[in-house]
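# Notes for the structure review
What follows is each chain in one-letter form.
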Amino acid sequence: MPEESYDRIARLAAQMFDVSVAVVSLIEDKRQWFKAQVGASTTEVERRFTFCSHVICQDDVFVVEDALEDERFADNPFVTNEPYLRFYAGAPLRASGGHNLGTVAIIDSKPRSFSEADRRSLADLAAMVIDALEMRLVINRADAAERRFVDAMESLPNGFVLYDKDDRLVYCNERYREIYAESAAFIVPGADFEDIIRKGVENGQHPEAIGDEEAWIDKRLDLHLNPAGPIEQQLPGDKWLRVEERRTSEGGIVGFRFDVTTLKRQERELARLAWTDSLTDAMNRHRFMELSSNEIDKARRHGGNLSLLLLDVDHFKKVNDRNGHAAGDLVLKQLVERWKGVIRSHDVIGRIGGEEFGVLLPETDAQGAIRNAEKLRATIAELPFAYEGQLLRITISVGVATFAPGDDLAALIRRADDALYEAKHAGRDRCMVGTG
């Protein structure tokens, strides 16, 4: 199709040399077609009769000042018939690879002379056409490269994003927008990274930011501007990403987003299995001791309250002996289920031994610990356990100890254990408080 950049050169040629016809032509093996033309009555002609076929076989400007006086062209149909060509001058379109692709030619119906200066001017116009063609080639290659890049990025199963050196969005694939669904409306080319993050926080995109928004934004910006390695990022619906970002050679940021939700959930499940008692789903002894030590360190640093309960099932061996181990397992499982319905979400319950459990009560003083111990005792004593048509009446004994300055975990457990021993010897089904 015609293009203005080539039409402009054809018009300029016609005006510069005051001729009736000027063309920018490209030549194939059997035809010559006009990319741009002024005064021509057609868009293509057979190659075998054209003057331009002679031009592309040489490197210089080709001139015929009077075709009727030139034995090569005197009987040419373009000379003896319309357009009754008499004058012709053509400069080859020589590509950078050395191939002549076509011509810039001027034609007139009357003879005329053509000076060296005229030849140079026509050659300059041909060079302008080559510049335009090669620029188009560069643009086409760039467009093709961009299409390949976009196609490749859109085919990725992961999110991809590119920011420029001013931290403005250059490109992201559709998967990236799907990942950040709550922020998608703001993820547009030219948008600033910080603006996108802030809009995301406002729209619930980043659950980790809730309650401490500015601190979270500051930390995220620092990690983004100074990428040092992969980070994990939580999304709504308990989804998780691995975020990997790197600086480009131009100072921008290129990033990938990998959905690691399944892996994260598997890790959590493995941790749960490693930390919990397989029968009761309470913390196992190792994990309970670890968390308890951490809470004691925290209470020691901040001067807070902390209490520990040790709970033991009364006459548990008789339950197993009379009803079988399946009944004993059921009792232990349901004990923990009932206790979990009483304690707070941040309290810690663990299975310390066969039928012995510990409950750690952060931020709880002695009076609060006693109240909690009574609740846990009562929730077992007041409701029998159903097993194969029987009602199993179960009681527990509880030892209570409250953190005192200078205590470590061993000291706290020792006092609670002493109190538990006293509760057992005092008749069971009761709570006793350990003293220093």
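A brief look at the structure comes next. (Residues numbered from 1 in each chain as written. Predicted model: local features only at pLDDT ≥ 70, side-chain atom pairs only at ≥ 80, totals over all residues. Heavy atoms only, no water.)

### Focus: the overall build of the protein
When you go through the protein residue by residue, the secondary structure sums to 13 helices and 18 strands. Overall, the C-alpha framework of the protein stretches about 140 × 50 × 30 Å when taken along its three principal axes. Each of the 436 residues in the protein was classed as buried or not, and the buried ones make up 42%. In the protein, the proportion of contacts linking residues at least 24 apart, taken out of those at least 6 apart, comes to 54%. With the model as given, the accessible surface of the protein reaches about 23400 Å², and the carbon-plus-sulfur share is 50%. The positive charge centre, built from 57 side chains, and the negative charge centre, built from 75, are 7 Å apart in the protein. (Helix = DSSP H or I, 4+ residues; strand = E, 2+ residues; numbered from the N terminus. Buried < 20%, exposed > 50% of the residue type's maximum accessible area, 1.4 Å probe, protein only. Contact = heavy atoms within 4.5 Å. Areas by Shrake-Rupley, 256 points an atom, 1.4 Å probe, with all protein chains shown as cover. Lys, Arg positive; Asp, Glu negative; His and termini not counted. Charge placed at Lys NZ, Arg CZ, Asp CG, Glu CD.)

### Describing the packing of helix 10 (residues 316-323) against helix 11 (residues 325-340)
Relative to each other, helix 10 and helix 11 sit at 135 degrees, their axes nearing to 6 Å. Our classification of the angle between helix 10 and helix 11 gives oblique. Seen from helix 10, the contacting residues are Phe 316, Val 319, Asn 320 and Asn 323; seen from helix 11, they are His 325, Ala 327, Gly 328, Val 331 and Leu 332. Each residue belonging to the contact of helix 10 with helix 11 can be placed in one class, and the counts come to 5 nonpolar, 4 polar and no charged. (Axes fitted to C-alpha atoms, helices over the stretch in contact; angles between N-to-C directions. Parallel < 35°, antiparallel > 145°, perpendicular 65-115°, else oblique. Nonpolar A, V, L, I, M, F, W, Y, C, P; charged D, E, K, R; others polar.)

### Looking at helix 10
When helix 10 is considered as a whole, its buried residues turn out to be Phe 316, Val 319 and Asn 320. In a view along the axis of helix 10, the buried residues occupy a sector of 90 degrees, so they form one face of it. Relative to its buried face, helix 10 has exposed residues pointing more than 90 degrees away, namely Lys 317, Asp 321 and Arg 322. Positioned one or two residues after helix 10, Gly 324 has a phi angle of 95 degrees, which is positive. (Arc of directions from axis to C-beta.)

### Brief notes about the pattern of salt bridges
The final tally for this structure, using the stated rule, is 38 salt bridges. The shortest N-O distance in the salt bridge between Arg 94 and Asp 59 comes to 2.7 Å. Separated by 35 residues along the polypeptide, Arg 94 in strand 5 (residues 87-94) and Asp 59 in the loop between helix 2 (52-55) and strand 4 (62-64) bring together distant segments of the chain. By relative accessible area, Arg 94 is classed as partly exposed at 40%. Residues participating in the shared-partner salt-bridge network are Glu 269, Arg 272, Asp 281 and Lys 340. (Salt bridge = Lys/Arg side-chain N within 4 Å of Asp/Glu carboxyl O.)

### Quick word on the nonpolar core
Among the nonpolar cores identified, the biggest contains 29 residues, and Leu 309, Leu 311, Leu 335 and Trp 339 are the most heavily contacted of them. Only strand 12 (306-313), helix 10, helix 11, strand 14 (356-362), helix 12 (366-381), strand 15 (385-387) and strand 17 (396-402) provide two or more residues apiece to this core. Broken down by element, this core gets its largest block of residues, 6 residues, from helix 11. Counting 25 residues, the second-largest nonpolar core is a separate cluster that includes Ala 10, Val 61, Ala 91 and Val 104. (Core = buried A, V, L, I, M, F, W, Y, C linked by side-chain atoms within 4.5 Å.)

### Quick word on the sheet that holds strand 9 (residues 231-235)
Consider a sheet: its strands pair through backbone hydrogen bonds, and that pairing is either parallel or antiparallel. The sheet built from 5 strands is open, its strands ordered 8-7-11-10-9 with antiparallel pairing. The outermost strands of the open sheet, each flanked by one partner alone, are strand 8 (169-172) and strand 9. Each strand axis lies, on average, 25 degrees off the axis of its neighbour in the sheet, ignoring direction. Relative to strand 10 (residues 239-247), strand 9 is paired through 5 bridges, and the arrangement is antiparallel. Note on strand 10: the bridge partner recorded for Glu 232 is Arg 242. In the packing of helix 4 (residues 116-154) onto the sheet, the strands contacted are strand 7 (159-163) and strand 8, and the crossing angle to strand 8 comes to about 60 degrees. (Pairing = 2+ DSSP bridges.)

### Looking at the environment of Asn 140
With respect to the helices, strands and loops of the structure, Asn 140 is situated in helix 4. Since its relative accessible area comes to 39%, Asn 140 is described here as partly exposed. Once the C-alpha coordinates of Asn 140 and Arg 338 are considered, the two residues, 198 residues apart in sequence, prove to be 72 Å apart.

### Details of the sheet that holds strand 18 (residues 431-433)
Strands sit in the order 13-14-12-17-18 across an open sheet of 5 strands; the sheet is mixed. Looking at which strands have only one partner, the edges of the open sheet turn out to be strand 13 (348-351) and strand 18. When the angles between neighbouring strand axes are averaged without regard to direction, this sheet yields 20 degrees.

### Focus: the pairing of strand 10
Between the antiparallel neighbours strand 9 and strand 10 lie 3 residues, among them Gly 237 with a positive phi of about 75 degrees. Linking two consecutive strands that pair antiparallel, namely strand 10 and strand 11 (residues 253-259), is a turn of 5 residues; a positive phi of about 90 degrees is found at Gly 251 within it.

### Brief notes about the packing of helix 9 (residues 285-302) against helix 13 (residues 409-425)
Following both chains from N to C, one finds helix 9 and helix 13 inclined at 110 degrees, their axes separated by 10 Å at the closest point. Considering their axes alone, helix 9 and helix 13 lie roughly perpendicular with respect to each other. In this structure, helix 9 uses Met 289, Ser 292, Ser 293 and Ile 296 to contact helix 13, whose residues at the interface are Leu 409, Leu 412 and Ile 413. Its residues placed into classes, the contact of helix 9 with helix 13 shows 5 nonpolar, 2 polar and no charged.

### Overview of the pairing of strand 11
Each regular strand shows side chains that alternate between the opposite faces of the sheet. Bridge count for strand 7 against strand 11 is 5 bridges, and the pairing is antiparallel. Following the sheet pairing, Val 161 is matched in strand 11 by Gly 255.

### Quick look at helix 4
With 39 residues, helix 4 should cover 57 Å at 1.5 Å per step; its first-to-last C-alpha distance of 56 Å lies within 8% of that length. By the burial criterion, the buried members of helix 4 are Leu 122, Leu 125, Ala 126, Val 129, Ile 130, Ala 144 and Met 153. The elements touched by buried residues of helix 4 are helix 1 (4-17), strand 1 (21-27), strand 5, strand 6 (100-108), strand 7 and strand 8. (Expected span 1.5 Å × (residues − 1).)

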